[in-house]
Amino acid sequence: MQGVGFRPFVHGVATRLGLGGWVRNVGAAVVIEVEGPRERLDELRVALDRETPALAVVQTIETVDIEPVGRSGFEIVASERGGREPVRVTPDAATCPECLAEIADPDGRRFGYAFTNCTNCGPRFTIVENVPYDRARTTMSSFEMCPACRAEYSDPSDRRFHAQPICCPACGPTLSLVDRAGRSLGSDPVGGAAALLLADKIVAMKGLGGYHLAARARSDEAVGALRTRKRRDDKPFAVMVPDLDGASALCAVDGVAKALLRDAARPIVVMPRRVDSGLASAVAPHTGELGVMLPYTPLHTLIMAATGEPIVLTSANVSDEPIAFRDDEALDRLSGIADAFLVHDRPIRTRTDDSVVRVVAGEPMMLRRSRGYVPTAIRLPVEARRPILACGAELKNTITVAHGDRAVVSHHIGDLKNIETHDSYLDAVEHFERLFRMTPRLVAHDLHPDYLSTAFAQRLRGVDLVPVQHHHAHIAACMVDNEHHEPVIGVAFDGLGYGSDHTLWGGEFLVADLVDFERVASFEPRPLLGGDAAMREPWRMAAAYLIAAGEAEATDVDLIRRQPRWADIVALSRSALAGPTTSSAGRLFDAVAALLGVRDTVNYEGQAAVELEQMVDSHERGAYAASFDGYETFSIRGGELFAAALADLRAGIGVRRIAARFHAGVAGTVIAACVRIREGGGPSTVALSGGVFMNRVLTTSVVTGLDVHGFRVLRHRRVPPNDGGVSLGQAAIAAARDQAGAVTSPTL
Ligand code: ZN
Ligand code: ZN
Ligand code: FE
């Protein structure tokens, strides 16, 4: 079993049933020796299945009959010191119903207390400094338990038995509300912060995994000020609401979304927004969706109760910096943004962003896996015989440590180009090796020579390096996500990744298993005119497609007319400095988005594609098509999809219908390519990965179409299809290659 609160739970049930015996941890399991009347023992067995504590996961139960020895009374036997205890650091969990009731009880000693927690809820991963997990090795170590808390902590029948972060107003952390200079703003921090929010001020709030910036979501003034000060031009903000009714007032909440909103992990759930949501338009511009979450700490619960309305809660950072989590740096970095600071004195060990999930074709799809999910282990379909560290990619970076059949993917670290993020990358590697008591022997990394994660891996000594192609890692991540290890057709669509042939890939069809892959098909390459600039300026991709189509002089095309640098880009495309070529599907989406006037430049990664998806007219039934060049291995003429969009634009077809036909065209192309690969002897299972598959419209039609054609479809659920999943795929490939004897020793 995995989780906490299990032994006290067994103690409680056994005592209730009048059974004699004991319970103890043995390795990764719990052993219960118990005696009493047969029907009582059966009742215990049923309770183990049905009443397990919120955070415990029972994998299997085995029973054997032994002779009774006449025990009366039931006890929890302490774990042996020095024994190889399993390392069990669990994710942070949202406040449980019992704790919520205590916070709301005016007669209780935890009335209104913002740090209330118990064995079933509260901070874990974000406060753990080392293992074994106990209070002395958390950021709660400086708070000495008061007698009342110690009594609860020591009582096996109490909900707080061995709850390491246990505390109360007498002994635990305290809240304060301060201004930009650090001066106190009164003795009622929650009431004061709520009043400021209702007065359209911006409040920085210290949460579980970092600081948030909070603003009244209905206020154009507050949200507008937040956007300006944070320099976050268009990226949608998430909103916290008091409860499910609050969520339903803003979004269309289906059953899957409801379960996600309520889950102890409390992710941000991205859902279709109601037109009458009443929110400021600057909350989530250029999109019909909204990310919503429910309160997950007592502090959030108190703030939501005091404001009673939706509050924007966004990671406290400027632009692309990592989320602020240390008190001194927060005051410093956020003083130009926040009007006041709601802070406390419980340090955050590991900054952990909110997780983000979207419901796609009736199933949850993780977009960012962090708080609430990390560090839950994911089962590898192949055993890692040696300890593995997988270094990830570059954007949306995570790392993974793996040994045996367990892989642990880290929190979202972010974009490694940022120096602060790079520091937290190094910290994450050290912290995970410490928490999971692992010294890596195999280190997997991306092929990209310029990624900082690659450079990090190559600096390590005394380890075997396993270079992994980026899109192979994407597909492997999707296979692990589905516990699959047989060969698949891997469809990997993303922004960019370094290919085995030293060109930039991103629209790939691989026949792959966990050891190796063959690149069977890909989109025909187009130049990234101006290199990195083409990533930030989708109009350059549109130019690449227009020029390749012989339309460089087409003055009837609006993009060409409105672009002052058109002559320059045409000249660049004909020069030796045009830039590298790429087969990226993400860049094709960029090109079409710019052609349609959806977006010429972006201020966050993937923005053009996200907004193009939002344009799709769901009633449109037309679809473009792309032909293939070659047979056993083939190139897909993605330019034909672009040309069809251009022809429709010239024919006066509306942008929304074109967006729909384009999406349907890409989906149809994926299906046709998979059919051809299967006809050529390829597998009949398809794995969909890469950031492009975060697109709900595309993924839904691809999944439906592949299903009609008799394919089994693997898609992402627990780990993101974007580069946040790459480290998990790298770890699985390293494990599989090691097993196959395909890892060569380093030349030192
Ligand atoms: Zn609780
Ligand atoms: Zn106390
Ligand atoms: Fe990628």
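Structural data are supplied above this passage.
This text gives an overview of the structure that appears in the document. (Residues numbered from 1 in each chain as written. Chains lettered and ligands numbered in written order. Predicted model: local features only at pLDDT ≥ 70, side-chain atom pairs only at ≥ 80, totals over all residues. Heavy atoms only, no water.)

## Digging into the overall build of the protein
Here is step 1: Within the protein, the secondary structure is distributed over 23 helices and 26 strands.
Here is step 2: Taken along its principal axes, the extent of the C-alpha atoms in the protein is 90 × 65 × 50 Å.
Here is step 3: At a minimum sequence separation of 6, the contacts of the protein that also span at least 24 residues come to 70%.
Here is step 4: Roughly 29000 Å² of accessible area belongs to the protein as shown, and the carbon and sulfur atoms make up 50% of that amount.
Here is step 5: Averaging the positions of the 80 positive and the 93 negative side-chain charges in the protein gives two centres separated by 1 Å. (Helix = DSSP H or I, 4+ residues; strand = E, 2+ residues; numbered from the N terminus. Contact = heavy atoms within 4.5 Å. Areas by Shrake-Rupley, 256 points an atom, 1.4 Å probe, with all protein chains shown as cover. Lys, Arg positive; Asp, Glu negative; His and termini not counted. Charge placed at Lys NZ, Arg CZ, Asp CG, Glu CD.)

## Re the coordination of the zinc ion (ligand 1)
Here is step 1: At the metal site, the zinc ion (ligand 1) is ligated by C96 (SG), C99 (SG), C118 (SG) and C121 (SG), and these contacts range over 2.3 Å.
Here is step 2: Coordination at the zinc ion (ligand 1) is tetrahedral: its 4 donor atoms span angles of 103 to 120° at the metal.
Here is step 3: As a motif over one chain, the donors of the zinc ion (ligand 1) read C-x2-C-x18-C-x2-C. Residues C118 and C121 agree in their burial class; the two are buried. (Donors = N, O, S within 2.8 Å, 3.2 Å for Na, K, Ca; no water. Tetrahedral: all angles 85-135°; square planar, octahedral: opposite > 155°, others 65-115°. Buried < 20%, exposed > 50% of the residue type's maximum accessible area, 1.4 Å probe, protein only.)

## Considering the sheet that holds strand β17 (residues 464-468)
Here is step 1: On the basis of which strands lie adjacent, the open sheet formed by 4 strands has the order β15-β14-β16-β17 and mixed pairing. Among the strands making up the open sheet, the edge pair consists of β15 (400-409) and β17. Averaged over all pairs of adjacent strands, the angle between their axes in this sheet comes to 60°, without regard to strand direction.
Here is step 2: Of the strand pairs in this sheet, strand β16 (residues 442-446) and β17 are connected by 5 bridges, and their pairing is parallel. Counterpart to D446 in the pairing with β17 is V468.
Here is step 3: Contacts between helix α12 (residues 452-459) and the sheet are confined to β14 (378-390), β16 and β17, with β16 contributing the most and set at about 155° to the helix.
Here is step 4: Against the sheet, helix α23 (residues 726-739) engages β14, β15, β16 and β17, with an angle of about 85° to β14. (Pairing = 2+ DSSP bridges. Axes fitted to C-alpha atoms, helices over the stretch in contact; angles between N-to-C directions.)

## Topic: the packing of helix α15 (residues 538-548) against helix α20 (residues 638-650)
Here is step 1: Across the interface, α15 lies against α20 with an axial gap of 10 Å and an inter-helix angle of 95°. Compared by their axis directions, α15 and α20 come out roughly perpendicular. For the pair formed by α15 and α20, the contact residues are A542, Y545 and L546 on the first element and G638, G639, F642 and L646 on the second.
Here is step 2: Across the contact of α15 with α20, the residue classes tally to 5 nonpolar, 2 polar and no charged. (Parallel < 35°, antiparallel > 145°, perpendicular 65-115°, else oblique. Nonpolar A, V, L, I, M, F, W, Y, C, P; charged D, E, K, R; others polar.)

## Quick word on the nonpolar core
Here is step 1: Membership of the largest hydrophobic core comes to 76 residues, with the highest contact counts inside it found for V491, F493, F509 and W566.
Here is step 2: Among the elements that line this core, the one with the most residues is helix α21 (residues 655-679), at 12 residues.
Here is step 3: In this structure W566 touches W539, A543, L546, I547, A552, L559 and I560, once residues within four positions along its chain are discounted.
Here is step 4: With 44 residues, the next largest nonpolar core counts I202, Y211, V343 and M366 among its residues. (Core = buried A, V, L, I, M, F, W, Y, C linked by side-chain atoms within 4.5 Å.)

## Describing the side chain of H212
Here is step 1: Examined against the element boundaries, H212 turns out to sit in strand β6 (residues 211-216).
Here is step 2: A distance of 2.7 Å separates polar atoms of two side chains, one belonging to H212 and the other to D354.
Here is step 3: For H212, the contacting residues outside a window of four places in its chain are V203, A204, M205, Y296, H300, L313, T314, S315, A316 and D354. (Polar contact = N/O pair within 3.5 Å; in protein donor to acceptor, adjacent residues only side chain to side chain.)

## Some thoughts on the pattern of salt bridges
Here is step 1: Tallying each qualifying case throughout the model produces 50 salt bridges.
Here is step 2: With a shortest N-O distance of 2.6 Å, E605 and K396 are connected by a salt bridge. Taken together, the positions of E605 in the loop between α18 (585-595) and α19 (607-615) and K396 in the loop between β14 and β15 put the pair 209 residues apart, joining distant regions of the chain.
Here is step 3: Owing to a relative accessible area of 46%, E605 belongs among the partly exposed residues under this scheme.
Here is step 4: Across the pair E551 and R650 runs a salt bridge, and its minimum N-O distance is 2.8 Å. In this pair, E551 is assigned in the loop between α15 and α16 (558-562) and R650 in helix α20, connecting sequence segments 99 residues apart.
Here is step 5: Here the salt bridges share partners, and the residues they tie into one network are E102, R109, R110, E152, R159 and R160. (Salt bridge = Lys/Arg side-chain N within 4 Å of Asp/Glu carboxyl O.)

## A closer look at the state of the cysteines
Each disulfide consists of a covalent bond between the sulfur atoms of two cysteine residues.
Here is step 1: Applying the stated criterion across every chain yields a total of 0 disulfides.
Here is step 2: C674 takes part in no disulfide bond, and the closest cysteine sulfur, belonging to C478, lies 12 Å away. (Disulfide = S-S within 2.5 Å.)

## Quick notes on the coordination of the iron ion (ligand 3)
Geometrically, a metal with four donors at the corners of a regular tetrahedron has ideal angles of 109.5 degrees, and one with six donors at the corners of a regular octahedron has ideal angles of 90 or 180 degrees.
Here is step 1: For the iron ion (ligand 3), every protein donor is listed as H470 (NE2), H474 (NE2), D494 (OD) and D723 (OD), and the spread of their distances is 2.1 to 2.2 Å.
Here is step 2: With 4 donor atoms in place around the iron ion (ligand 3) and angles of 86 to 171° between them, the coordination shape is irregular.

## Quick notes on the packing of helix α5 (residues 189-198) against helix α9 (residues 298-307)
Here is step 1: In contact at an axis separation of 9 Å, α5 and α9 are set at 50° when each is read in the N-to-C sense. By the angle class used here, α5 and α9 are oblique. As α5 packs across α9, the resulting crossing turns out to be right-handed. In this structure, α5 contributes V190, A193, A194, L197 and L198 to the contact, and α9 contributes L299, L302, I303, A306 and T307.
Here is step 2: Residue composition of the contact of α5 with α9, grouped by class: 9 nonpolar, 1 polar and no charged. (Left-handed = near helix turned anticlockwise from the far one by under 90°.)

## Quick look at the pairing of strand β9 (residues 289-293)
Here is step 1: Burial within β9 is extensive, with 5 of its 5 residues counted as buried.
Here is step 2: Residues of β9 alternate between two faces, with E289, G291 and M293 on one and L290 and V292 on the opposite face, all of them buried.
Here is step 3: By the bridge criterion, 3 bridges tie strand β7 (residues 238-240) to β9 in an arrangement that is parallel. When the sheet's bridge partners are listed, M240 is paired in β9 with M293.
Here is step 4: Bridge analysis of strand β8 (residues 268-272) against β9 gives 4 bridges, and the strand direction is antiparallel. In the sheet register, V270 faces β9, and the bridge partner there is G291.

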